[in-house]
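Residues per chain are reported as follows:
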Amino acid sequence: MSFLPPDVLGLGSATIDDILYIDHFPQVDTKQQAQRVERFGGGLTATALVAVARLGKRAVFAGQMGRDDASRWVVDDLARDGVDVSAVVYDDAARPIQAWIMVEPPPRSTRTILYTVPDIHGAHPSLPAADLICSARCLMVDDFGLTGHIRAARLARAVGIPVVGDFERLQTPGLSD
């Protein structure tokens, strides 16, 4: 094996979260200035991997990304946070999830999330390679790329590697597998 085994191998979602700080929620058919906008990386798997890296462990992201600006931003952001991105699966049609989050200050302290989910995102159905999966100390999966997650989870479980899942939608078809 020519790679350093990961403490946590993550397949699944990565998101660009654009946070729009607003004075109050806008009324329909109006225009309103945001007080400020901040961009953060997010997504179930990507966020968990950043936490792992910040705790000093080896986190590897092997989800799908494209070669577009948004995908490059996500990959660079994960790398800045110490996540190994050498196993990212590139597909020109893949994209990260994009979210716009409107945050209203106290006393209401509300937030509203708008998001897009591209056609190709999350885990690849047949990648990463089995030797990478079977070398990890833990496999992290989420809702996105379920076919690839099932494949990876079966490989991991066959060699005694724990699988951690973060699922937002329990009614996702195939989730019981």
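Quantities reported herein were computed from a predicted structural model and do not represent experimental measurements.

Asker: What am I meant to see in the nonpolar core here?
Answerer: Within soluble globular proteins, side chains that are nonpolar tend to cluster in buried spots. Ranked by internal contacts, the top residues of the largest apolar core, which has 19 residues, are Phe61, Met65, Leu78 and Val83. Put simply, the parts of the chain that give this core at least two residues each are α1 (44-54), β4 (59-61) and α2 (69-80). If one sorts the elements of this core by residue count, α1 sits on top with five residues. Residues contacting Met65, with those up to four places away along its chain left out, are Ala14, Ser71, Val74, Val75, Val88, Val89, Tyr90, Asp91, Ala94 and Pro96. Counting 15 residues, the second largest nonpolar core, distinct from the first, contains Leu9, Ala136, Ala153 and Ile161.

Asker: Hey, could you run me through the sheet that holds strand β8 (residues 111-116) in this one?
Answerer: Hydrogen bonds between backbone atoms are what pair the strands of a sheet, whose relative direction is either parallel or antiparallel. Read from one edge to the other, the open sheet built from four strands follows the order β3-β2-β7-β8, with strand pairing classed as mixed. What marks the edges here is a single partner per strand, and that holds for β3 (36-42) and β8. On average, each strand axis in the sheet is tilted by 20 degrees relative to the strand beside it, whichever way the strands run. Here strand β7 (residues 97-103) pairs with β8 via six bridges, running antiparallel. Bridge pairing in β8 links Met102 to Thr112.

Asker: Could you clarify how one ought to interpret the pairing of strand β10 (residues 163-166) in this entry?
Answerer: Two faces, one strand: in a regular strand the side chains alternate between the faces of the sheet. Summarising the sheet, strand β9 (residues 139-142) and β10 pair through four bridges and their orientation is parallel. Across the sheet, residue Met140 finds its bridge partner in β10, namely Val164. A crossover connection joins β9 to the parallel β10 through helix α4 (residues 146-158); in handedness this β-α-β unit is right-handed.

Asker: Quick question: what am I supposed to make of the pattern of salt bridges here?
Answerer: When charged atoms on two side chains of opposite charge get close, those side chains can pair. Overall, the coordinates contain 10 salt bridges when judged by the stated rule. Close ionic contact of Glu38 with Arg36 constitutes a salt bridge, the shortest N to O distance being 3.2 Å. By relative accessible area, which is 27% here, Glu38 ends up partly exposed. Arg36 gets classed as partly exposed once you look at its relative accessible area, which sits at 44%. Here Arg54 and Asp81 are joined by a salt bridge, their closest N and O atoms 3.1 Å apart. Here Asp81 lies in the loop between α2 and β6 (89-90) and Arg54 lies in helix α1, a separation of 27 residues in the sequence. In this structure Asp81 comes out as partly exposed when scored by relative accessible area, which is 23%.

Asker: Quick question: what am I supposed to make of the packing of aromatic side chains here?
Answerer: The description of two aromatic rings rests on the distance between their centres and on the angle between their planes. Summed over all chains, the structure comprises zero aromatic pairs. Over the ring of Tyr21 we find Arg36; its NZ or CZ atom is 3.8 Å from the centre of that ring. Over the aromatic face of Trp73 sits the side chain of Arg39, whose NZ or CZ is 5.5 Å from the ring centroid.

Asker: Sorry, what's going on with the environment of Ile161 here?
Answerer: Relative to the helices and strands, Ile161 is located in the loop between α4 and β10. What makes Ile161 buried here is its relative accessible area of 6%. As for Ile161 and Ala136, which are separated by 25 residues in sequence, their C-alpha atoms are 7.2 Å apart. Excluding its chain neighbours within four sequence positions, the residues that come into contact with Ile161 are Ile133, Cys134, Ser135, Ala136, Arg137, Cys138, Leu139 and Ala156.

Conventions used here
- Residues numbered from 1 in each chain as written.
- Predicted model: local features only at pLDDT ≥ 70, side-chain atom pairs only at ≥ 80, totals over all residues.
- Heavy atoms only, no water.
- Core = buried A, V, L, I, M, F, W, Y, C linked by side-chain atoms within 4.5 Å.
- Buried < 20%, exposed > 50% of the residue type's maximum accessible area, 1.4 Å probe, protein only.
- Helix = DSSP H or I, 4+ residues; strand = E, 2+ residues; numbered from the N terminus.
- Contact = heavy atoms within 4.5 Å.
- Pairing = 2+ DSSP bridges.
- Axes fitted to C-alpha atoms, helices over the stretch in contact; angles between N-to-C directions.
- Right-handed = clockwise from strand over helix to strand, strands pointing away.
- Salt bridge = Lys/Arg side-chain N within 4 Å of Asp/Glu carboxyl O.
- Phe/Tyr/Trp six-rings, centres within 6.5 Å; stacked < 30°, edge-to-face > 60°.
- Lys NZ or Arg CZ within 6 Å of the ring centre and 35° of its normal.

Function cannot be inferred from these measures alone, as they are strictly geometric.
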